[in-house]
Amino acid sequence: MNPALSELGRIYPPERLLVQPGQLVPYESDALTAFRARPLAVVLPETTDEVVQTIGWCARHKVPYVARGSGTSLSGGSLPVEGGLVIGLNRMNKLLRLDPAERVAVVQPGFINLEVSNAAAPYGLYYAPDPSSQPVSTIGGNLAFNSGGAHCLKYGMTSNHVLGAKVVLPTGEIVELGSQSLEGVGPDWLGLFVGSEGLMGIAVEVTLRLLPKPEKYHTVLAAYDSLEKAGNAVAAVVASGLLPGAMEIMDHLAIEAAEAAVKAGYPMDARALLIVELEGEAPEVEAEARHLGDVIAASGAYEVRVARDADERAKIWKGRKAAFSAVGRLSPDYLVQDGVVPRSKLGQALLEIERLSQQYGLRVANVFHAGDGNLHPLILYDGKVKGQLEQAEALAGEILKLCVSLGGSITGEHGVGMEKKAYMPAMFSQADLALMRRIRRAVDPDELANRGKMFPHSEAPALTPHGPHPLEKAGVIWRE
Amino acid sequence: MNEGLLIRPSEVAEVQEAVRAHPKSLPRGGGTKAALSTPREGQAVLDMTGLSGVLEYDPAEYVLVALAGTPLAEVEALLARHGQYLPFDPPLAELGATLGGTVAAGLSGPMRQRYGGVRDFILGVRFVDGEGEVVRGGGKVVKNAAGFDLPKLMVGSLGRLGVLVELAFKVFPFPKATATLKVTFDRLEEALEAMYKLASSPLEFYALDLETNPATLTLRLGGQPEALPSRLERLRAFLGHPPDTHTLLLEGEKERDYWRFVGRLEWGHGYLVKVPIQPSRIAGLERELPAGMRRYISAGNLLYLNWPDSIEKLDNLLKSQGLRGLVLRGDAEPAVSETLKSPLIGVDWEHSFARRVTAALDPHNRFSPNP
Amino acid sequence: MQHKIDTQSIGPQGEVMAHAVEACVHCGFCLPACPTYAVLGEEMDSPRGRIFLMKEVLEGNLQLEEAAPYIDKCLGCLGCVTACPSGVPYGELISTFRGWAEPRRHRSPFARAFRLGIMELLPYPKRFRAGAQLGRIGKVFKPLLPQALQAPLELLPERLEPAPPLPEFFPAKGPRRARVALLAGCAQQVLKPNFNWATLRVLAENGVEVVIPSGQACCGAAAMHTGERGRALALARQNLKAFPNDVDAILSNAAGCGSGLREYGLLFVGEPEHEAAEAFSKRVQDVSAFLVNLGLVEPPALKQPLKVAYHDACHLAHAQGVRSEPRKLLRSIGGLELVEIPEGELCCGSAGTYNLEQPAIAATLGERKARNILATGAQAIATGNIGCFTQIQSHLRKLRREVPMYHTLEILDLAYQGKL
Ligand SMILES: Cc1cc2nc3c(=O)[nH]c(=O)nc-3n(C[C@H](O)[C@H](O)[C@H](O)COP(=O)(O)OP(=O)(O)OC[C@H]3O[C@@H](n4cnc5c(N)ncnc54)[C@H](O)[C@@H]3O)c2cc1C
Ligand code: SF4
Ligand code: SF4
C-alpha cells in the first residue's frame, strides 16, 4: 500500500477502507451506467470526525473525492473521480432526533428519505419531498441534488424542507448552516449549499421539517386517447384555480412498463394517463374534488377512476414511482432526461420529442411531473448495438436544447452532474458560469469535492499548475 | 448625516457602471426599511426604483418576472386581477416596498404559513456582482436544478452580495374565499399550547399568528367558499368551542382591511426588528420582553418586534436567548443606522462558508459598509 | 445495463445470466430489501453490486476469486426480486452463476470437506438424523470446535422428537375433493416430523387424499444454490421419476423445497429433460396456496383469542410470491389475530445452508428478526419453512424470550382439533 493510503488506514479499520478490485468495481457507477470510473479507494465513515479526518487527508494529498449516498443519481453525480476517493455515507444512517412538537427531525446523511416519513408517521407527521427513489435515496443525496418529487408544485423541493445542515467544508472546517427556524436573517447560505451537487462539501447532519399528514387525499386517474388531451387537461386544471398536490402524466410506453412491474391496474389501452391528486382538510378536498371532477369530465378523458381507499391510492402511485426502473423491462438500456418547459409549452415539447424520436429511430417513453412542466423522457437504446449510445446521447442533447429554447431548464431535479455539464452553457452565460466557478473555488480552492462535475471543461484544473500529483508519480492514479 | 451620492439608474448597464465607478455602494428600493437602506460614510446609494416593471407574466405558468425596483403594490394588483398572489405575503407593500428590497431583506408576511416564505418562491435572479458583471442564477420555470441556487442565496443578502436587477417568482392562485378567526386566551401558555396543537393538526391555515397582549391567536382560513363554514365549525370544535366573548370572526372587506393593516407593521415609536425564532423559545423570550407591540407569525417561526429601548439592550437580550435579529427601521431615522454598527444583531453566526462565498461575489468589498 | 458477456462461449447458461444483467438498470431499488446490505452496508454486498460483480467476472474483467466473497454472502433470499421494478430474474442469475463458478473456485481443503459434509448429510433424512444425534453429543465439545462448526450445532434441538415413518398414502376424510402428492422434505422430517403429520391431517380434513411417493429424493435446492449443479441434477432426476402424474398437484410444505422444485425448469436448461422439468415445476404448489385455491373448510373458532405473528419465509414470499395465502388461512380461524412483523420482508438469515456457511451474518439477521418479532407482542409465531423455524427459535432462545412456534399448517391442525 502506498504511504498516502496507509495514512488513510490509520483512520479506518480495514473493513471500512476498500481497495481490492472486487470491492471497488461495484462503486464505479451510479444509476447512470453510461459512465464509470475506478476510484482509488472507498471509505465508509461512521462518524463526523472520520469525515473531517478524511477530508483533511484529501486536502493534504490533493486527492479528489466524491460523497456517495445510495448511488441513485441519474446524472453521474456520485460517479467516482478516476483515481479519487469515494466517501460512502450510507453507514451514517441514524435518526439523531425526532421532535414531534417542533416538527423537526435531525438525521445523518445516509438516512433514507422514506424512513423519515416512517419515523414521523406515529405522530401524524411526514416528510414532504418524495422523489420516486424515496425508498432508496439518502437525505444527503437529496440535499446535494435538491431532489423533488411528484408533490413539488405545491410544497416545493428538498430545499424547501431542509432547515439546517452541519457541513464539513472542503477545507476541513465544520460549519452550521441554517437553524431550526423556518426563517433566517442574512444571506441564505443553506439555500446555496442545498443543490450544490456535492461541490461544496459534505453534509454530516441535516435538520428536516416535518408536516402534518393531510387529512384526506383524493386521487384521480384519467385515461386519454392522446398525450395532447392529457396535457390540455393539466392546463384546464390550472386555469380553474385549483392547486393539486400532484399532476403526473405517463404515456403508453411508460404505462406498459409500470403495469408489467407492479400491476397497478392501469388501463392498458390508454395513450396517456393523468394522475391528479388533491390533499388537505376533508371538507376542502371534498369541495375541490367536485370542481376537479367537472374539469376532468370536460377534458375528454375516456375513463376516470378515483381511488376509493389508501390501498388504491398506493397502487396508483406505486406504478408511477416504479415507472423509471420498470422501463428496464422494455429496453436493455435507457437515458433519462429531466428538462423543464413552461407548462403551456408542454404539448409543443412533447410533439417535438416525438418527432426527434422518429428521426433518431429510438423509442422515447414519457413520464413526467406535468404540474411543473418537468419532463422525464426516457430514451430507450441498446448499448450492444454499436453507436446507439452515442445516438441516444445526441437525442438527449437535442431534448435539452429544446427545453432551453422553450424558456425552460436542462434539469428540474436530477441535477447536472457529469451528464449535463456540457449543456450548462446553453442555459447560462460565460459570466454566470464564471461566477459560479468563483464561488466553488472560494469554498474549495483545489476543486477536490466532486471534481469534474457540473461545470463544462472542468477536469483537474487545479492540478495542472502543480505538476504531476504524488499519487500519479506513484502510479496509483493517472490521467488520460 | 451622510451627504453621499445618489444615483438612479434606469438600465442595467447603468447599474454596472455605477458599481464599477464607486468603491462602495448601497442599493435602495422603496426605502421602507431605513435601517437597511441608509448609507454610511462613503457609500453611494443606488436608487433602484428606476428599474421598474413586470417583464413576463402568464397566469397559466404561475410565474412572474419583474425588475427589482418594481413596487410590490403594482405586482400584487396585477396578480389580483388574475386571482393570484405572492404566497410569501411580503409586508410593507402599502408603504412602497419593492420586490428587490423585499428579497434583499428576506421578508415574508403572515400568509407564509400556508406555502412558505420568500426563499421558497424565488425562482430566478439577475444581479450585478462586485466585479460589475451581470449574472443570472436559477430560471423562469417553476422548477429548476441547474447550477448553484443563487436566487436563494440572495434572499436576505442585504445588498452585500450584489445589486439585484431582475427577479422571477412562483405565484399561486389566491383562495376563492377567506375568513379569519381571532381567539383570545387568558394566559400565554394556553395560547402557545393551542398554537402547537393547531400547527401539528391537519387543519390548514393561511395565517397562524400569535400576539401576546392579550394572548391571541389569529387564524386565517382559505379555500372553496362552500367548504368554509364547515371548516370554521371544525376549527371551533378543535379549539373546544371557546366562549363567544373570546373569539372574533372577520369576513369580507373587514377581513381584508385587517390583514392590510397587519402588513404595514406600523406600531408607533421604536425599532422594528425581524427575529427568526422557534415556537419552543417563545415562552423564554416573552419573560424578558417588555410590554409592547409584536407579532409571532407562521406558527411561532418569525417574530416582528417593536423595540422601544436601545438597540444595545436588545442585542444583549437576543444574545442571551441564542437568537439573532435584523433591525428594519427605527423612529429616529435616518440617524438610526449611524448608531447601529450593523442591522444584524444578536448571536453572531459568521462562519467560514459565509466569508468565502462573500469574497467570491464581492472581491473588492464594494458592498460591505465596512472599510 | 450494457454488458459484453460472451454468451456464445458460455452456452445456454450464459444467455440466462446475460439476460438478467441486461434487465438491471442499476437503480438501487433493491438495496433496502437486501439483508446483507442492511447488515454490511457495502455496495458489493448488495444485489446491484453483486450483479455488477458477476457481470465483470463473466466479461473477464475481474478474477472470480475477487468477486467470490461477496457472491458467497448472498443469502439467495430473493428479497431483491420482489423489490426490483425492472424485473431482474436475480434468482436465476445467482443460481446459474454459482453453478458456473463452482468448478472454477479455489477452495481450501477444509472448506471443501465442510461443503461436502453438508451435501452428504442434509439431503438424506436418515444420515441427517444420525448426524444430528452425534451433533448433540458434539455440543458438549463445542468450545473445542472450529468456529465454522459451532454455528450448526447451535441450531440443533436439545432432543430430537420421535419420527414415526410417513405412510405412502393418506386418505381424505369424507368425500374426496382432490388428490395430491407431497414432498416430505429432508431436514423437517428429522427436526419437526409433526409438520408433515399436521399437513396430512389438515389436507384430509379438507377432503384431499395424499400420496407420498417413496422414491422421492431431496429437492436439490441446497445443492443448486451452492453451485453443486451435478448433484442437484441427480436428485432432481430422481424426483422427476418418483412423482406420479395422476395427481392434481405436487405439494410442498417447506418453502425452500417448494421453490427448489419450481426451479427445475431453470436447473435443466440445456439438458434433454428440460421440457419435462418445466412441466413438473408448473405443477408444484405450496400447500397454503393449494388450500386457498381449493377453498378451506372453515375451522372452529379458538377458545381464547390468540395473537399470531406470521413470518414470511423468503422462499415463499419472494421466490414463489406466496404472501397472502398463509395469512388468509390463519385469518379464517375465528379468534386469531394476525400481526405483521416490522421489516417483515427481510430474511431471517437461515436461507438453506447459509447459517452453516456465513454464521456471523446469519446470526445478526437472526437476532434482528427475533427482536422484530418480539416487538409485535405476539403470543405465537407461524411460518411455512423449517429453516426459518429453527433459526428464529434458536435466536429467541438466545434472547431468553421463547414464543411458541408453529408451522402454519400446525396451527390449522390444532384449530381443527379444537386444541388451541
Ligand atoms: C429510479 C429512479 C427514480 C428517481 N426519481 C427521482 C425523482 O423523482 N426526483 C428526483 O429528484 N430524483 C430522482 N432520482 C434521482 C436520485 O434518486 C436523486 O438524485 C437522489 O437524491 C440521490 O440520492 P442518493 O442517496 O442515491 O445520492 P447519490 O447518488 O449517492 O449522490 C448524489 C449526489 O449527492 C452527493 N452527496 C451524497 N451525499 C452527500 C452529502 N452527505 N453531502 C454532500 N453531498 C452528498 C454526491 O456526491 C452526489 O453528487 C431517481 C433515481 C432513480 C434511479
Ligand atoms: S432494483 Fe433491479 S434493476 Fe434496480 S439495481 Fe436492483 S436489480 Fe438492478
Ligand atoms: S438474494 Fe437476498 S441476499 Fe442475495 S442479493 Fe438478493 S436480497 Fe441480497
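Residues numbered from 1 in each chain as written. Chains lettered and ligands numbered in written order. Predicted model: local features only at pLDDT ≥ 70, side-chain atom pairs only at ≥ 80, totals over all residues. Heavy atoms only, no water.

By the naming in an unreviewed UniProt entry, chain C goes by Glycolate oxidase iron-sulfur subunit and is assigned to Calidithermus roseus. Taken verbatim from the UniProt record of chain C, the Function (unreviewed entry) comment is "Component of a complex that catalyzes the oxidation of glycolate to glyoxylate." (UniProt positions renumbered as here; feature names shortened; annotations may be inferred.)

In the nomenclature of an unreviewed UniProt entry, chain A is known as Putative FAD-linked oxidoreductase of Calidithermus roseus. UniProt's Cofactor (unreviewed entry) comment on chain A is quoted here verbatim: "FAD".

K.L.:
I'm lost on the overall build of chain A in this one. Help?
P.N.:
A tally of helices and strands in chain A yields 16 helices and 18 strands. Along the first, second and third principal axes, the C-alpha atoms of chain A reach 70 × 55 × 45 Å. Buried positions account for 68% of the 480 residues belonging to chain A. Taking the intrachain contacts of chain A between residues at least 6 apart in sequence as the baseline, contacts between residues at least 24 apart amount to 69%. In chain A, 45 side chains carry a positive charge and 55 a negative one; their mean positions are 4 Å apart. (Helix = DSSP H or I, 4+ residues; strand = E, 2+ residues; numbered from the N terminus. Buried < 20%, exposed > 50% of the residue type's maximum accessible area, 1.4 Å probe, protein only. Contact = heavy atoms within 4.5 Å. Lys, Arg positive; Asp, Glu negative; His and termini not counted. Charge placed at Lys NZ, Arg CZ, Asp CG, Glu CD.)

K.L.:
Honestly, the overall build of chain C in this entry has me stumped. Any pointers?
P.N.:
Helix and strand counts for chain C stand at 24 helices and nine strands. Viewed in the frame of its principal axes, chain C has a C-alpha envelope of about 65 × 50 × 40 Å. Split into buried and exposed, the 420 residues of chain C put 60% on the buried side. In chain C, the share of contacts with a sequence separation of at least 24, taken over all contacts with a separation of at least 6, comes to 75%. Computing the positive centroid from 45 side-chain charges and the negative centroid from 41, chain C places the two 6 Å apart.

K.L.:
Please clarify how the UniProt feature "domain: FAD-binding PCMH-type" (unreviewed entry) in chain A should be interpreted in this entry.
P.N.:
The UniProt record annotates "domain: FAD-binding PCMH-type" (unreviewed entry) at residues 35–213 of chain A. Helix makes up 21% of residues 35–213 of chain A and strand 25%, with an end-to-end C-alpha separation of 39 Å.

K.L.:
How should the site of ligand 3 be read in this particular structure?
P.N.:
Residues and elements named next belong to chain C. Lining the immediate surroundings of ligand 3 are C34, P35, P47, R50, C74, L75, G76, C77, L78, G79, C80 and Y90. Among the elements of the structure, α4 (47–59) and α6 (79–83) are those that each provide at least two residues to the shell around ligand 3. Taken together, the residues of the shell around ligand 3 break down into nine nonpolar, two polar and one charged. (Near = heavy atom within 4 Å. Nonpolar A, V, L, I, M, F, W, Y, C, P; charged D, E, K, R; others polar.)

K.L.:
How should the packing of α4 of chain C against helix α5 (residues 64–72) of chain C be read in this particular structure?
P.N.:
Packed helix pairs are specified by the crossing angle of their axes together with the interaxial distance, meaning the distance between the axes. Residue and element names in this part refer to chain C. For the pair α4 and α5, interaxial distance at closest approach is 10 Å and the crossing angle is 155°. Of the possible angle classes, the one that applies to α4 and α5 is roughly antiparallel. You can see that α4 and α5 cross each other, and the crossing is left-handed. For the pair α4 and α5, the contacting residues are R50, L53, M54 and V57 in the first and L64, A67, Y70 and I71 in the second. The class makeup of the residues in the contact of α4 with α5 is seven nonpolar, no polar and one charged. (Axes fitted to C-alpha atoms, helices over the stretch in contact; angles between N-to-C directions. Parallel < 35°, antiparallel > 145°, perpendicular 65-115°, else oblique. Left-handed = near helix turned anticlockwise from the far one by under 90°.)

K.L.:
I'm lost on the site of ligand 1 in this one. Help?
P.N.:
Near ligand 1, the surroundings consist of 38 residues, among which A67, G69, T72, S133 and T138 of chain A are the closest. What surrounds ligand 1 is not a single chain but chains A and C. Contacts to ligand 1 include A67 of chain A, whose backbone N or O atom sits 2.6 Å from an oxygen atom. In the complex, 99% of the free accessible area of ligand 1, which totals 980 Å², lies under the protein chains. Most atoms of ligand 1, that is more than half of them, are within 2 Å of grid points of the largest cavity. Counting only elements with at least two residues in the shell around ligand 1, the list comes to β3 (65–68), α5 (139–145), β10 (202–209) and α11 (310–326) of chain A. If you tally residues by element for the shell around ligand 1, the top one is α5 of chain A, at five residues. Partitioning the shell around ligand 1 into residue classes produces 14 nonpolar, 21 polar and three charged. (Polar contact = N/O pair within 3.5 Å; in protein donor to acceptor, adjacent residues only side chain to side chain. Areas by Shrake-Rupley, 256 points an atom, 1.4 Å probe, with all protein chains shown as cover. 1 Å grid on protein atoms, 1.4 Å probe; cavity = no way out; pocket = protein on both sides within 12 Å on 5 of 7 lines; lining within 4 Å. Sits in = over half its atoms within 2 Å of the grid points.)

K.L.:
Sorry if this is basic, but what is going on with the packing of helix α18 (residues 287–294) of chain C against helix α20 (residues 324–331) of chain C here?
P.N.:
All names here are of chain C. Where α18 meets α20, the closest approach of the two axes is 8 Å, and the angle between their N-to-C directions is 60°. Viewed along their axes, α18 and α20 form a crossing whose handedness is left-handed. Contacts between α18 and α20 involve S288, A289, L291 and V292 from the first element and E325, P326, K328 and L329 from the second. Classifying every residue of the contact of α18 with α20 gives five nonpolar, one polar and two charged.

K.L.:
When you look at unusual backbone geometry in this model, what are you seeing that I'm missing?
P.N.:
Outside of glycine, negative phi angles account for most residues, and trans bonds account for most peptide bonds. Between N213 of chain B and the following residue, P214 of chain B, the backbone shows a cis peptide bond with an omega angle of 0°. Along the chain, the position of P214 of chain B falls in the loop between β12 (207–212) and β13 (215–223). One non-glycine residue, N146 of chain A, adopts positive backbone phi at about 45°. Structurally, N146 of chain A is set in the loop between α5 and α6 (152–155). A positive phi angle, close to 50°, is found at L265 of chain B, a residue other than glycine. Position of L265 of chain B among the secondary structure elements: in the loop between α10 (252–262) and β15 (271–276). The exposure class assigned to L265 of chain B is buried, which follows from its relative accessible area of 4%.

K.L.:
Could you clarify how one ought to interpret the nonpolar core in this entry?
P.N.:
Residues L150 and F353 of chain B are the most contacted members of the largest nonpolar core, which totals 151 residues. Take this core: its biggest share by element is nine residues, from helix α13 (residues 388–405) of chain A. Mapping this core onto the domain boundaries places at least three of its residues in each of domain 2 (51–173) and domain 4 (271–353) of chain B. Once residues within four sequence positions are removed from consideration, F353 of chain B is found in contact with L169, V175, L177, W189, L192, F193, M200 and V443 of chain A. In this structure, A307 and A322 of chain A together with Y70 and C80 of chain C belong to the second largest nonpolar core, which totals 80 residues. (Core = buried A, V, L, I, M, F, W, Y, C linked by side-chain atoms within 4.5 Å. Domains from an automatic or database assignment.)

K.L.:
What is the right way to look at the interface of chain B and chain A in this model?
P.N.:
For interface size, the figure often reported is the accessible area lost on association. Contacts between the two partners involve 79 residues from chain B, matched on the other side by 91 residues from chain A. Taken together, both faces of the contact between chain B and chain A bury some 6,900 Å²; the carbon and sulfur share is 57%. For chain B, the biggest contributors to the area lost against chain A are K143, F148 and F353 of chain B; these three give 14% of the whole. On the surface where chain B and chain A come into contact, there are 11 salt bridges. Taking the shortest distance from any N to any O, the salt bridge between K143 of chain B and D372 of chain A comes out at 3.2 Å. (Buried area = accessible area lost by both parts, 1.4 Å probe. Salt bridge = Lys/Arg side-chain N within 4 Å of Asp/Glu carboxyl O.)

K.L.:
Quick question: what am I supposed to make of the sheet that holds strand β5 (residues 95–99) of chain A here?
P.N.:
To summarise the sheet geometry, strands pair through backbone hydrogen bonds and adopt either a parallel or an antiparallel arrangement. Residues and elements named next belong to chain A. Strand order in the open sheet formed by five strands is β5-β6-β10-β8-β9, and the pairing between neighbours is antiparallel. Two strands bound the open sheet, and with one partner strand each, they are β5 and β9 (174–178). This sheet shows a mean twist of 10° between the axes of neighbouring strands, independent of strand direction. Pairing analysis gives four bridges linking strand β6 (residues 104–107) to β10, with the strands arranged antiparallel. What sits directly across from V104, in β10, is R209. Contacting β8 (162–168), β9 and β10, helix α3 (residues 48–61) runs over the sheet at an angle of about 140° to β10. (Pairing = 2+ DSSP bridges.)

K.L.:
Would you mind going over the interface of chain A and chain C with me for this structure?
P.N.:
At the interface, 39 residues of chain A touch 31 residues of chain C. Both faces considered, chain A and chain C share a buried interface measuring about 2,700 Å² in area, 55% of it formed by carbon and sulfur atoms. At the boundary of chain A and chain C, one finds four salt bridges. The closest approach of N and O atoms between E22 of chain C and K384 of chain A, which form a salt bridge, is 2.6 Å.

K.L.:
Before we go on, may I ask you to explain the packing of aromatic side chains in this structure?
P.N.:
Note on aromatic pairs: each is described by the distance of the centres and the angle between the planes. The final tally for this structure, using the stated rule, is 16 aromatic pairs over all chains. Judged by centre distance (6.4 Å) and plane angle (75°), the rings of F170 of chain C and W197 of chain C are edge-to-face. Taken together, the residues F170 of chain C in strand β1 (residues 169–170) and W197 of chain C in helix α12 (residues 193–205) connect sequence positions 27 residues apart. What makes F170 of chain C buried here is its relative accessible area of 18%. It is R313 of chain A that lies over the ring of Y217 of chain A; its NZ or CZ is 3.5 Å from the centre. When the ring centre of W317 of chain A is taken as reference, the NZ or CZ atom of K321 of chain A above it lies at 5.9 Å. (Phe/Tyr/Trp six-rings, centres within 6.5 Å; stacked < 30°, edge-to-face > 60°. Lys NZ or Arg CZ within 6 Å of the ring centre and 35° of its normal.)

K.L.:
For this particular structure, what's the right way to read the environment of F170 of chain C?
P.N.:
Spatially, the C-alpha atoms of F170 of chain C and P244 of chain C are 15 Å apart, while their sequence positions differ by 74 residues. Setting aside residues no more than four positions away along its own chain, F170 of chain C makes contact with W197, L200, R201, A204, V208, E209 and V210 of chain C.

K.L.:
Just checking my understanding: could you explain the environment of L55 of chain B for this structure?
P.N.:
Along the chain, L55 of chain B turns up in strand β4 (residues 54–58). On a C-alpha basis, the gap between L55 of chain B and L167 of chain B in space is 9.6 Å, while along the polypeptide they are 112 residues apart.

K.L.:
Can you walk me through α3 of chain A in this structure?
P.N.:
One turn of the α-helix equals 3.6 residues, which is why residues spaced by three or four share an orientation. Taking 1.5 Å of rise per residue, the 14 residues of α3 of chain A would be expected to cover 20 Å, and the 20 Å separating its terminal C-alpha atoms lies within 8% of that figure. Backbone geometry just after α3 of chain A places K62 of chain A at a positive phi near 55°. (Expected span 1.5 Å × (residues − 1).)

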